[in-house]
Amino acid sequence: MIEWLNSYRYILVYFIEVYSMSFLKKELQNQIPNVQNEIKQLIADKGDKKISDVTVAQAYSGMRGVKAFVCDTSSVSADKGLIVRGIPLLDITHILPEEVFFLLLTGRLPEESELVDLKKDFSSHLEVPAYVWNLLKEMPSDSHPMTMFNTAILAMQGESVFRKRYDEGMSKSVYWEAILDDGIRLLAKLPTLGAGIYRMRFEKGQRIAPDPEQDWAGNFVHMIGLSDETGDFHKLMQLYFMLHCDHEGGNVSAFASHTVSSALSDPYYAVSAGLNGLAGPLHGLANQECLKFVLSVRDEFKGLPSEDELKDYCWKRLNSGRVIPGYGHAVLRCPDPRFTAFIKFGQDHIENDDVFGIVDQLFKVVPDVLQEHGKAKNPWPNVDAASGSLLYYYGLREFNFYTVLFSISRTMGMISQMVWERALGIPITRPKSITTDWIKSTI
Ligand code: CMX
């Protein structure tokens with residue numbers, strides 16, 4: 001009798017769990033066994049086939065171009081740029097950040113009811129714990145916003161569902177579920193955290209409480225407190241958070257978070273690690289550097305320079321051993337579609353603005369200059385070339401805050417990649433390094 005009651009209870013708990021599960025989790029729960037089997041079969045069929053060779057030059061050059069691991073959330077092609085689950089980015093610039101998150105995870109866009117469900121999930125985790133705000137208040141008042149943002153994420157590590165369930169002995173087969181739970185909780189808080197840091201760091205007054213009725217980007221706009229009478233800033237932030245969502249697996253932030261998470265460090269550790277990489281000027285911090293550069297042009301020429309003046313200005317910068325921020329890319333060999341989408345937004349919404357005008361003018365001048373310079377393999381603009389000028393136009397002028405916005409969005413990609421890595425049981429990352437002596441004596 002007791003045995004029967006126990007199994008009855010077990011079945012009941014199972015059905016309650018499944019019933020209360022989000023649409024997103026149910027969809028993943030359906031997909032995962034099929035993908036696991038598919039990959040098992042792929043390894044059985046093609047496991048010994050070679051996908052890449054590594055030269056000595058590549059070993060000394062950041063492993064550029066070495067194909068050595070898998071990421072299915074998105075891919076970056078040299079001539080087309082970002083492709084999210086098979087869809088070229090420019091075909092989905094109209095979708096919400098929440099929709100792209102669903103797409104990254106599941107490979108399809110959500111139905112209306114699934115989107116409502118996901119938004120509801122986000123809305124129930126908007127609050128950042130009080131100890132985080134207290135910690136941030138104690139930091140030096142001139143701390144970089146990225147340092148504050150990443151410190152706050154790390155400080156919340158004790159909230160991790162993954163860590164708690166791991167300590168309780170969770171089975172490997174449900175790691176992905178705990179990662180997803182952490183991911184939703186963390187993502188939901190990031191606009192609150194980012195906007196709160198903005199208001200604290202730049203002395204904009206009291207924090208503004210989140211509004212559970214708003215969407216993810218709308219809540220950020222509401223909490224940052226800038227006026228948005230036309231609603232265009234809201235539209236920009238939807239686009240901004242959508243465009244920065246992911247950029248396959250090999251970029252610094254994705255790869256750093258992938259490596260950290262492979263040790264089964266929870267998402268708070270892994271996202272914070274990834275974002276510390278995003279804070280580098282050759283990666284996400286280039287958006288801050290780029291606007292700084294654009295403003296220096298405006299100040300030097302008291303407005304929009306001629307193409308020749310701008311060309312000379314770029315050469316001076318290159319000759320002093322500095323890069324042109326917002327240009328070049330390790331994978332792309334064409335103008336970044338994210339740049340194209342931002343320029344289009346600017347053309348549709350902005351008239352007669354010097355800062356946006358300089359960005360446009362740079363696009364006419366820099367590719368030729370870089371080609372003549374002869375070093376950069378890709379002379380075209382990347383995402384960071386245009387984004388800052390739009391934020392600046394809508395009144396978000398503190399450019400050392402810009403990488404926080406990139407971070408809020410990119411966390412979607414890091415979380416999506418982590419969910420699948422744990423679902424597929426990808427083991428700890430551990431490539432083999434070699435020594436210079438080994439190369440001299442062995443090759
Ligand atoms: N301005 C000047 N020189 C550049 C350049 C640029 N925009 N882009 C590349 N180069 C130089 C490199 O510094 C390198 O010089 P050295 O041989 O002296 O070291 C040479 O050209 C070859 O580099 P590459 O193979 O074309 O580019 P990498 O893959 O090494 O680096 C990137 C890619 C993005 C770091 C580089 O193009 C760069 O520094 N760009 C400016 C910073 C930037 O916009 N970063 C943002 C990228 C997007 C993102 O992650 O957010």
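Refer to the preceding data block for the structure.
In this report, we go over the structure that sits alongside the text. Just so we're clear, the structure is a prediction, and the values are computed from it rather than from any experiment. (Residues numbered from 1 in each chain as written. Predicted model: local features only at pLDDT ≥ 70, side-chain atom pairs only at ≥ 80, totals over all residues. Heavy atoms only, no water.)

1. Concerning helix α12 (residues 252–262)
For α12, the full list of buried residues reads S253, A254, S257, H258, S261 and S262. Looking straight down α12, one finds its buried side chains confined to an arc of 160°; they lie on one side. Looking at the buried residues of α12, the elements they touch are α13 (267–278) and α19 (402–423). (Buried < 20%, exposed > 50% of the residue type's maximum accessible area, 1.4 Å probe, protein only. Helix = DSSP H or I, 4+ residues; strand = E, 2+ residues; numbered from the N terminus. Arc of directions from axis to C-beta. Contact = heavy atoms within 4.5 Å.)

2. Digging into the sheet that holds strand β1 (residues 74–77)
Hydrogen bonds between backbone atoms are what pair the strands of a sheet, whose relative direction is either parallel or antiparallel. Taken together, three strands build an open sheet; the order of strands is β1-β2-β3 and the sheet is antiparallel. The sheet terminates laterally at β1 and β3 (87–88), the two strands that pair on one side only. As paired strands, β1 and strand β2 (residues 81–84) are joined by four bridges and run antiparallel to one another. Opposite S74, over in β2, you have V84 as the bridge partner. (Pairing = 2+ DSSP bridges.)

3. What about the side chain of S387?
Mapped onto the elements of the fold, S387 is located in helix α18 (residues 387–393). For S387, a relative accessible area of 1% gives the class buried. Contacts of S387, omitting those with residues within four sequence positions, involve Y240, N287 and F342.

4. Observations concerning the site of the ligand
Taken together, 21 residues lie around the ligand, and H283, Y327, K375, K377 and D384 are the ones closest in. N382 places a polar side-chain atom, nitrogen or oxygen, 2.9 Å from an oxygen atom of the ligand. Considered class by class, the residues forming the shell around the ligand number 11 nonpolar, six polar and four charged. (Near = heavy atom within 4 Å. Polar contact = N/O pair within 3.5 Å; in protein donor to acceptor, adjacent residues only side chain to side chain. Nonpolar A, V, L, I, M, F, W, Y, C, P; charged D, E, K, R; others polar.)

5. Focus: the nonpolar core
In this structure, F101, L193, F233, M237, L396 and L405 are the most contacted members of the largest nonpolar core, which totals 119 residues. Top contributing element to this core by residue count: helix α9 (residues 175–201), with 14 residues. If sequence neighbours within four positions are ignored, L405 has contacts with F220, M237, Y240, F241, L391 and L396. (Core = buried A, V, L, I, M, F, W, Y, C linked by side-chain atoms within 4.5 Å.)

6. Here we look at the pattern of salt bridges
Summed over the entire model, instances satisfying the criterion amount to 12 salt bridges. The salt bridge partner of R338 is D336, with a shortest N-O separation of 2.6 Å. What makes R338 buried here is its relative accessible area of 3%. Residue class for D336 comes out buried when judged on its relative accessible area of 0%. The network of salt bridges with common partners includes K25, E177 and D181. (Salt bridge = Lys/Arg side-chain N within 4 Å of Asp/Glu carboxyl O.)

7. Some thoughts on empty space enclosed by the protein
Overall, the coordinates contain one cavity of 30 Å³ or more when judged by the stated rule. As for the largest cavity, its lining consists of E98, K119, F122, S123, L126, D211, P212, Q214, D215, W216 and N219. Within the residue set of the lining of the largest cavity, elements represented by two or more residues are α5 (112–123) and α10 (216–224). Split into classes, the residues belonging to the lining of the largest cavity amount to four nonpolar, three polar and four charged. (1 Å grid on protein atoms, 1.4 Å probe; cavity = no way out; pocket = protein on both sides within 12 Å on 5 of 7 lines; lining within 4 Å. Points joined across faces, edges and corners; volume = space filled by probe spheres on them.)

8. Description of helix α2 (residues 23–46)
The end-to-end C-alpha distance of α2 is 34 Å, a good match for the 34 Å that 24 residues give at a rise of 1.5 Å each. Most pronounced at Q31, the bend in α2 amounts to some 30°, and the proline P33 follows within four residues. Tucked inside the fold, the buried residues of α2 contact α4 (97–106), α5, α9 and α19. (Expected span 1.5 Å × (residues − 1). Bend = angle between axes of the 7 residues up to and from the residue.)

9. Observations regarding the packing of helix α6 (residues 130–138) against helix α7 (residues 145–155)
Helix-helix packing is characterised by the crossing angle of the two axes and by the distance between the axes. Taken N-terminus to C-terminus, the directions of α6 and α7 make an angle of 140°; their axes are 10 Å apart at the nearest point. Considering the angle they form, α6 stands oblique to α7. Seen from above, α6 lies across α7 with right-handed handedness. Between α6 and α7, the contacting residues are Y131, V132, L135 and L136 on the first element and M148, T151, A152 and A155 on the second. Split into classes, the residues belonging to the contact of α6 with α7 amount to seven nonpolar, one polar and no charged. (Axes fitted to C-alpha atoms, helices over the stretch in contact; angles between N-to-C directions. Parallel < 35°, antiparallel > 145°, perpendicular 65-115°, else oblique. Left-handed = near helix turned anticlockwise from the far one by under 90°.)

10. Some thoughts on the environment of L264
On the secondary structure map, L264 appears in the loop between α12 and α13. Excluding residues within four positions of it along the chain, L264 makes contact with F162, Y166, Y175 and R422.

11. Considering the state of the cysteines
Evaluated as defined, the whole model comprises zero disulfides. Lacking any disulfide linkage, C71 is separated from the closest cysteine sulfur, that of C245, by 11 Å. Judged by relative accessible area, C71 falls into the partly exposed class, the value being 22%. (Disulfide = S-S within 2.5 Å.)

12. Some remarks on the environment of T151
Structurally, the position occupied by T151 is in helix α7. The exposure class of T151 is partly exposed, given its relative accessible area of 27%. Once the C-alpha coordinates of T151 and E398 are considered, the two residues, 247 residues apart in sequence, prove to be 20 Å apart.

13. Overview of the packing of aromatic side chains
On inspection of all chains with the given rule, the structure shows 19 aromatic pairs. Taking 5.5 Å as the distance between ring centres and 50° as the angle between the ring planes, the aromatic pair formed by Y198 and F202 counts as tilted. The exposure class assigned to Y198 is buried, which follows from its relative accessible area of 1%. In this structure an aromatic cluster arises from ring pairing among F101, F122, W216, F220, Y240, F241 and F342. Its guanidinium or amino end placed over the ring of Y392, R397 lies 4.2 Å from that ring's centre, counting from NZ or CZ. (Phe/Tyr/Trp six-rings, centres within 6.5 Å; stacked < 30°, edge-to-face > 60°. Lys NZ or Arg CZ within 6 Å of the ring centre and 35° of its normal.)

14. Topic: the environment of G328
Positionally, G328 belongs in the loop between α15 (307–319) and α16 (337–349). Dropping the residues within four chain positions of it, G328 is found in contact with N378, W380 and N382.

15. With respect to a negative patch on the surface
Taken together, the side chains of E307, D308, E309 and D312 present a region of like negative charge at the surface. Within the secondary structure layout, D308 lies in helix α15. (Patch = residues over 30% accessible without salt bridge, like charges linked within 9 Å, V, L, I, M, F, W, Y side chains within 5 Å. Areas by Shrake-Rupley, 256 points an atom, 1.4 Å probe, with all protein chains shown as cover. Lys, Arg positive; Asp, Glu negative; His and termini not counted. Charge placed at Lys NZ, Arg CZ, Asp CG, Glu CD.)

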